[in-house]
Amino acid sequence: MLLVAALVVYPQYRVYSQRLAGEAALAEAQSSRQVAILEARAKKESAISLAEAEVIRAEGAAKANRILQDSLGGPEGYLRYLQIQALEDTKASLIYVPTEAGLPVTESRRLAAQ
């Protein structure tokens, strides 16, 4: 009698345990999906915030450049200012200085020796 009861109950128990294992796997998959969605949303919000910060930084730099340009007499004065700043920062032994045509004088030593 005990053997017959075991033969009837064991298959039902296997079906029940497989169903529970399937439900557990489904719950884990749904949880993993929700975590992935939340991580994607966080990355999207972070990218949006970084883009907004970059736009604000660029607008500030543009305003600063415009103020400098206007205070130095326009674009030409601002470019001269940038050139002077670059010359101050360089440690070069040879510097080409542009003439009024914007071309560097490259043969000034040879002409001075004659």
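Quick caveat, the model's predicted, so the values are computed rather than measured. (Residues numbered from 1 in each chain as written. Predicted model: local features only at pLDDT ≥ 70, side-chain atom pairs only at ≥ 80, totals over all residues. Heavy atoms only, no water.)

Things to note about the confidence of the model for the protein chain
Part 1: Averaged over all residues, the pLDDT of the protein chain equals 84, while 81% of them reach at least 70.
Part 2: In the model of the protein chain, helix α3 (residues 108-113) stands out as the element of lowest mean pLDDT, 50, in contrast to helix α1 (residues 2-71), which has the highest, 92. (pLDDT = per-residue confidence, 0-100. Helix = DSSP H or I, 4+ residues; strand = E, 2+ residues; numbered from the N terminus.)

Looking at a nonpolar patch on the surface
Part 1: A cluster of nonpolar side chains, namely V4, V8, V9, Y10, Y13, Y16 and L20, defines an oily patch on the protein surface of about 710 Å² accessible area.
Part 2: Structurally, the position occupied by L20 is in helix α1. (Patch = residues over 30% accessible without salt bridge, like charges linked within 9 Å, V, L, I, M, F, W, Y side chains within 5 Å. Areas by Shrake-Rupley, 256 points an atom, 1.4 Å probe, with all protein chains shown as cover. Salt bridge = Lys/Arg side-chain N within 4 Å of Asp/Glu carboxyl O.)

Section: the pattern of salt bridges
A side chain with one charge may pair with a side chain of the opposite charge, provided their charged atoms come close.
Part 1: Tallied over the full model, the rule gives two salt bridges.
Part 2: For R19, the salt bridge goes to E23, with nearest N and O atoms at 3.7 Å. Of this pair, R19 and E23 both sit in helix α1, separated by four residues, roughly a single helical turn.
Part 3: For R19, a relative accessible area of 48% puts it in the partly exposed group.
Part 4: Residue E54 is joined to R57 by a salt bridge in which the shortest nitrogen-to-oxygen separation is 2.9 Å. Remark: R57 and E54 occur in helix α1; sequence separation between them is three residues, near one turn of the helix.
Part 5: Overall, E54 belongs to the partly exposed group, its relative accessible area being 44%.
Part 6: By relative accessible area, R57 is classed as partly exposed at 49%. (Buried < 20%, exposed > 50% of the residue type's maximum accessible area, 1.4 Å probe, protein only.)

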